[in-house]
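One-letter residues, chain by chain:
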Amino acid sequence: MDTLFKADLADNHCSELPKGVTLEENTYHLKESQVNLQLTVIDTVGYGDQVEKTDSAGPVVEYIEKQFDRHLQEELRIQRNLHQFRDTRIHVCIYFISPTGHSLKALDIKCMQQLQSRVNIIPVISKADTIAKNELQRFKKRIIQDLEHNGIQIYRFPTDDKTVAEINEKMNAIMPFAVIGSRDEIEINGQKVRARLYPWGTVEVENESHCDFIQLREMLIRTNMEDLRESTHAVHYETFRRSALKKLGYSPAGESDEPVRLSDLLQTKREEHLKEMSQAEENMKIKFVEKVSAVETQLKKQEKEIYDKMEALKKMVTEKRSEMEETKAALEDEIAAFRQHRSEAQTAQAQAAKAQQMEKEKRKK
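Every value quoted in this text rests on a predicted model; they were computed, and no experiment measured them.

## Some thoughts on the sheet that holds strand S5 (residues 177-178)
(1) Moving on: Here 3 strands make up an open sheet; going across it, the order is S3-S4-S5 and the pairing parallel. The open sheet has two edge strands with one neighbour each: strand S3 (93-97) and S5.
(2) Moving on: Of the pairings in the sheet, the one linking S3 to strand S4 (residues 121-125) comprises 5 bridges and is parallel in character. Bridging from a neighbouring strand, Cys93 pairs with Ile121 of S4.
(3) Moving on: Strands in contact with helix H4 (residues 133-149) are S3, S4 and S5; relative to S4, the strand with the most contacts, it is inclined by about 150°.

Right under this line is the structure:
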């Protein structure tokens, strides 16, 4: 991006690896030859870095549709001001492809399938200096074959305008662009250029024999910038707009081919929504009654179990009490017999002692 716009664009990348895909939005105000440009760059931080990559494109799609919805809400205002309204729609997605030399990754295919109907996709092979030229050409052909096989529609530069038809046709033929990025500037033949230094030589970013960066910049900024904006508005935004209005119940005409008023559509939608809410409320009541009934049944079952346990305990206590009373009566009988026996023994012992005493007295006499 620095080389595309010949500026040092500051970024705020976080040093820590995010848990998911996050979108960083940076807006820059650039000026060149009395031309003011407001550039917004959206960076998909963490894209493809997670172990679970199935929903890597989800945040990107959500962000794009959010900008479309923001524009649609402005159009639907009673007093709209689209001339001063800041257009935040995404006009181009530069999709970087790893220079594997083999084919597109499953993640690339799945993501571009979700993005193709929402944004202009321009595929770009990154770090093109890591792959030989002959392998690079085969890699480009394989990418195009993968895109066609999976039905992915990338952005094609328009050829209907005679003034740019020839150059755009050539550029379409060399897509995807193979580019090299660098923030380092070195001096070559008295001029400072962005390049990458290697032990075996120097790779210049803006050298057409080294990579396709010049062609990419020419197509994006000088030749087709307005067409990208027009394609976003006329194709991608229009597709979103139609889908959004259909969800609101809007159709171009009624049964009698008379235009349908938006107020009528909103009233119909409101009635449908109220009907759905009423039905949902009724279903919730039915489920609530069913749950209450189930809880009551469970409570009654538990109550019966507790009552049965209490009755069993009462019966057991009664039986134990009867046994204890019988044991007590037997013990009392034994105690009475023991006392009777002891009384008799004491009486017999007293009589024997008395007799013995009388016998002694007789002997003395």
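## Re the sheet that holds strand S6 (residues 185-188)
(1) Moving on: Taken together, 3 strands build an open sheet; the order of strands is S6-S7-S8 and the sheet is antiparallel. Of all the strands in the sheet, just S6 and strand S8 (201-204) have a single pairing partner and so form its edges. Across the sheet, the mean angle from the axis of one strand to that of its neighbour is 65°, orientation sign disregarded.
(2) Moving on: The pairing of S6 with strand S7 (residues 191-198) spans 4 bridges and is classified as antiparallel. By the bridge assignment, Glu187 is partnered in S7 with Lys192.

The rules behind each value
- Residues numbered from 1 in each chain as written.
- Predicted model: local features only at pLDDT ≥ 70, side-chain atom pairs only at ≥ 80, totals over all residues.
- Heavy atoms only, no water.
- Pairing = 2+ DSSP bridges.
- Helix = DSSP H or I, 4+ residues; strand = E, 2+ residues; numbered from the N terminus.
- Contact = heavy atoms within 4.5 Å.
- Axes fitted to C-alpha atoms, helices over the stretch in contact; angles between N-to-C directions.

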